[in-house]
Amino acid sequence: MRLADDDRARVPFALVGVLLLVGSSTFAASLATPGPEPIDRSADVVADRVDAEVTAALRGAVRDAARAAARDPVTIAADTEAGRALAGSQTFRRYLRLRVFLAARDAVAAVEHRRGQSAARASLGASVETVPDALGHVSLASADDGTELRVTVHDVALTIERDGRVVETSQRDRTMTVGVPVLALHDRTEAFQARLDADPLDAPGLARRTTIGVTAMAQARGLGQYGGLPISNVVANRHVALSTNAGLLDAQRAAFGRADPDAAAGVRAATLQTGATDLLGPRTDPRVVSAVTGQLPSPNDAERADSDGRSGSLPATRSISVGVNGTADEAFLSLLRGTRGADTLDAVLRGGYRARVSVDAEAWTVRNGRRPAPRAPGPNWTLVYSGVSTDVAVTGSGQSRSVSRTGIGTRRLYTATRRVVEHRRVDRTWVKVNATPQTTSASWRDVSRVRVTATGRLGGGRAPARPVRPLFESGGALDGPNLRAGRTASRELVSDLGGPDAIARRAVTGGRTSASTAMVGDRPAELADWVYADVARLRDRVRHLSVEVDASAAATGRANGAARLASLVRDRRAVLLDAPETYDGVADRTRVAARAAYLDQLLAALDARADRTRKQNTGIGRALDAKGIAASRANDLADLTPEPPSPRRDVGTAAGARGEVVFVPDGDPAYLAPEPVEGTLVDGIDDDEQYVGLAVRNLNVFAVPYGEAADLVTRTLFGNAGRVSLHTAGQALVTADQTLETHADPTLRKRTDALRSNVARSMGHVRQRTERTLARETTLSPTERTAVVRRAFARWAGPGERAVAATDGSLARAVATVAVAETTGTGSSEVAEDRVRTALRVDLRRAATSKRVRVPQSVVDETVSTTRDVAREMATQTAENATQQGIARATNGTLGEIPAGLPILPTLNPWVATTNLWIVESRGAYGRFAVEAASDRTTYVRDGTTVALDVDGDGVDERLGENKRVDFRVRTVAVVAVPPGKFGVGDTDGNVDERSVAWSGSAPGPRCTTPTGQCPRE
């Protein structure tokens, strides 16, 4: 269809024209008539501009306030109206909120914008004059591990004016997040402080790390001293300072992820200065090096664990072996001599051959004839009398003398059987009136069989009940008589009872049919030596029995090795006794009985030793209590092991607004030394002053094996204080004599002579005891005994050396050697020689550790103190151009060889170990401690300054509080144990209570070297 032909949707032209006309008229009218005035929107514009500027101003104020709070934090609220509002567990956060409010108030007050007739301004807390009101306007929270600060400022007022009139007022809360890690800095610093304050037994921290470090250092140096190194001061304050600073590094790494680089360098330098690395040596357990230097060994180190798989164990917590040792000899000699209520070995041997032989008879009826009933001769007869007669006949002959087993330890030695026939007749008399009495008779027969036996029974004994074969006949071990005489004894008993016929007759008719007798059989000639040798082998076996006890527990009186040994022997008694299933005759049973008697004596000796150990442990507890240390706590401290190192780490997350942040601590001074440092090295302290950041004290509890602390221990054993053991006195005399060889000091010589006289007097008692033992155990004449003692004693040059030899057993061995050599020509047996050696070992040890040979403490102390002074003078003169080795040569090796430590246990017991304890205290504080967030301008500072701000706007600052310095106090114990013998372990330089320069006055601690100890601000 063509367009011209399509009339669909067409509009008439006329209508179009009308519309155009009307439209043009309307448009013309509108151009000729003016409209209404335009709307003024300037108020909205200024409001929007002020709102945006307030947000920006608040963000900047929060950032500035957070950084200012970090620079001058408040951690301790002041006792003022403003300060009390901040007090509590959230002091710093309240202070930060106050800072934010004040900064926000100032920032908001400057925000104003005008346009035309309109103006807008913001305000915050215009009427706030108190801290609580200010805190109500701000709340905050941390984000992303404290690296971001989310702050809400409440009730920010916005006022709009037009033509000088307020047209609108509104209040809004503004929330914003700023990338200032102020909360993380504060919280990590508080975590650092918490580690410095942590109890070593409760949590890892400075005290635990210091304890481990000082203990490892003390153990290493103590072992070096024991080994002969010229170490007179095992634990010095420089060692405490080194371990303390190493602990501070560990705490920094744990709290901040990194340590102060300057502090780490200071620890390395201090390690070299103290000579710790050279002393320990490359072959020392790397865990010791770790504990001292603060560096743990490589995870790939082959020695990173003990052989038993326990990692982190240090020598200070190792176990020590407590053995039966000399107690085996004591029990053996008690058995030989029958002391302490024991039977002698000879009595045990006699008892093993005791037996009882008894004879008895047993009868049983074969035929029991019946007694005929009475029968009257006729009617009316009355029985007036009845009488029975018996005729006994014993028949049978023969007897058995073979031995047959009837039970454990019993044998039938004799047997005879007889037939006993009893022929019985009864006569009865009858009477009747007017008649002559008549008698009637009747008979019958009883037959019995009787067995007569003789039995031998072994006497009771200590040996366990076991079958014995053979018994009461020759044979068995040693092929001896074996109680064969019991058979003869049985025949004699039967004979004494009249023989088997008489016994059988009496067994039926009544009378004595049994008898018994005790006997002691003959013993083989070689029995005594055979049993002695067997028990001696048992003695040598149990001598080597031992238990492991923790060294620190022994040192602190918390372990009783003797009690554990007694339990061990009781548990193994059956194994040690080694009784066979069947004894090879009486000799074998007697041998086991002797072993049992010996084990009983050994247990009695160990129980007595355990009781003395308990008394000594009580004394150790008293000594520690007197120093303010509980024995249980000291033991727990000694068992601490190193913590794994804290890894390097950043704070925050990569997903946070700031990303990961590096915190770097910075302490001033970096290394807290006991010596003063110049104020130029400590920010915040006047450059002209000196600052001491660490006060240190270490107290050696058992510097010498006598004195106040040791007396508390020995008093429980000896009951008298003020006297020194012969061993210690001998050691002191040896050292004094050696010192006199190189330095003839007149005072030392005079005091040494006095000590020598006392030691020689005590050794006189030992000499007398030696001669009495030889008289008891040998056949030597008095002249020969005196000669033996003289020759043996002459092997040592003087009384000091002889005193030490008497207490360590070498003198007993020497006397025994000479005595045995003297008696060998007289046919002395191995048993006799062993008995002499054993008796001398026991008797001389008892004599050398008895009360009567102890030496007055005053004489020993005067000699030791003078020896120490002379040695120190010699060392000072030599040390100008000599190394320690040079000093040792110049002093003839005597430097440091002063008796020290507490022997465990030296009295009447084997010497287990020598231990010592150091009570260590340190108090320190950084003059200034700062933590910086790398790539950020925020630095958190703790320097002890007072903080004040103008809260109410009156132009006067109100004191809010102070930021407490980062400080610490540590009090702990280091325990050391060394093997027995030598001169023990301990500080021998005379300074048992070592105090640094800042450990003085009523309040020792870090300070400036000013008269008041206060530090002027720079």
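Owing to the predicted nature of the structure, the values given are computational and were not obtained by experimental measurement.

Participant: How would you summarise the overall build of the protein if you had to cite specific residues and measurements?
Facilitator: Secondary structure assignment for the protein yields 30 helices and 29 strands. Within the protein, the fraction of its 1018 residues that count as buried is 51%. In the protein, of all internal contacts separated by at least 6 residues, the share reaching a separation of at least 24 is 75%. Counting every atom, the protein has about 45800 Å² of accessible surface; 47% of that belongs to carbon and sulfur.

Participant: Could you give an account of a positive patch on the surface, naming the residues involved and the relevant values?
Facilitator: Together, Arg-367, Arg-419, Arg-445 and Arg-449 give the surface a local cluster of positive charge. Mapped onto the elements, Arg-445 comes out in strand β12 (residues 435–458).

Participant: Report on the packing of helix α16 (residues 527–543) against helix α20 (residues 585–626), specifying residues and quantitative values.
Facilitator: For the pair α16 and α20, the least separation of the axes is 10 Å and the interaxial angle reads 40 degrees. Here α20 runs oblique to α16, going by the angle between their axes. Regarding α16 and α20, the two cross each other, and that crossing is right-handed. Residues Leu-527, Trp-530, Val-531, Asp-534, Val-535, Leu-538, Arg-539 and Val-542 of α16 form the contact with α20, whose own contacting residues are Ala-587, Asp-588, Arg-591, Ala-594, Arg-595, Tyr-598, Leu-599 and Leu-602. Partitioning the contact of α16 with α20 into residue classes produces eleven nonpolar, no polar and five charged.

Participant: Now, about the sheet that holds strand β29 (residues 1007–1008): what can you tell me, with residues and values included?
Facilitator: Reading across the sheet, the three strands line up as β16-β17-β29 and stay open at both edges, with antiparallel pairing between neighbours. On the outer flanks of this sheet lie β16 (677–678) and β29, each paired with one strand and no other. Alignment of strand β17 (residues 690–692) against β29, held across two bridges, turns out to be antiparallel. Among the inter-strand pairings, Tyr-691 is bridged to a residue of β29, identified as Cys-1008.

Participant: Explain the state of the cysteines to me, and be specific about the residues and the numbers.
Facilitator: Per the counting criterion, the structure on display carries one disulfide. Through a disulfide, Cys-1008 is tied to Cys-1015; the S-S separation comes to 2.1 Å. One disulfide, between Cys-1008 and Cys-1015, carries an S-S torsion of 115 degrees and so falls in the right-handed class. By relative accessible area, which is 1% here, Cys-1008 ends up buried. Residue classification places Cys-1015 among the buried residues on the basis of a relative accessible area of 18%.

Participant: Quick one: what's the story with a negative patch on the surface, residue by residue and with numbers?
Facilitator: There is a patch of like negative charges on the surface, built from Glu-129, Asp-133, Asp-954 and Asp-957. Tracing the sequence through the fold places Asp-957 in the loop between β25 (946–949) and β26 (958–962).

Participant: Tell me about the nonpolar core, and name the residues and values.
Facilitator: Among the nonpolar cores identified, the biggest contains 100 residues, and Tyr-95, Leu-96, Leu-149, Val-182, Phe-192, Phe-663 and Leu-960 are the most heavily contacted of them. In this structure, Leu-96 is in contact with Ala-65, Ala-66, Ala-69, Leu-140, Leu-149, Val-182 and Leu-183, ignoring residues within four places of it in sequence. The next biggest cluster of nonpolar side chains, apart from the first, holds 80 residues, and it includes Val-535, Ala-596, Val-912 and Ala-977.

Parameters and conventions
- Residues numbered from 1 in each chain as written.
- Predicted model: local features only at pLDDT ≥ 70, side-chain atom pairs only at ≥ 80, totals over all residues.
- Heavy atoms only, no water.
- Helix = DSSP H or I, 4+ residues; strand = E, 2+ residues; numbered from the N terminus.
- Buried < 20%, exposed > 50% of the residue type's maximum accessible area, 1.4 Å probe, protein only.
- Contact = heavy atoms within 4.5 Å.
- Areas by Shrake-Rupley, 256 points an atom, 1.4 Å probe, with all protein chains shown as cover.
- Patch = residues over 30% accessible without salt bridge, like charges linked within 9 Å, V, L, I, M, F, W, Y side chains within 5 Å.
- Salt bridge = Lys/Arg side-chain N within 4 Å of Asp/Glu carboxyl O.
- Lys, Arg positive; Asp, Glu negative; His and termini not counted.
- Charge placed at Lys NZ, Arg CZ, Asp CG, Glu CD.
- Axes fitted to C-alpha atoms, helices over the stretch in contact; angles between N-to-C directions.
- Parallel < 35°, antiparallel > 145°, perpendicular 65-115°, else oblique.
- Left-handed = near helix turned anticlockwise from the far one by under 90°.
- Nonpolar A, V, L, I, M, F, W, Y, C, P; charged D, E, K, R; others polar.
- Pairing = 2+ DSSP bridges.
- Disulfide = S-S within 2.5 Å.
- Core = buried A, V, L, I, M, F, W, Y, C linked by side-chain atoms within 4.5 Å.

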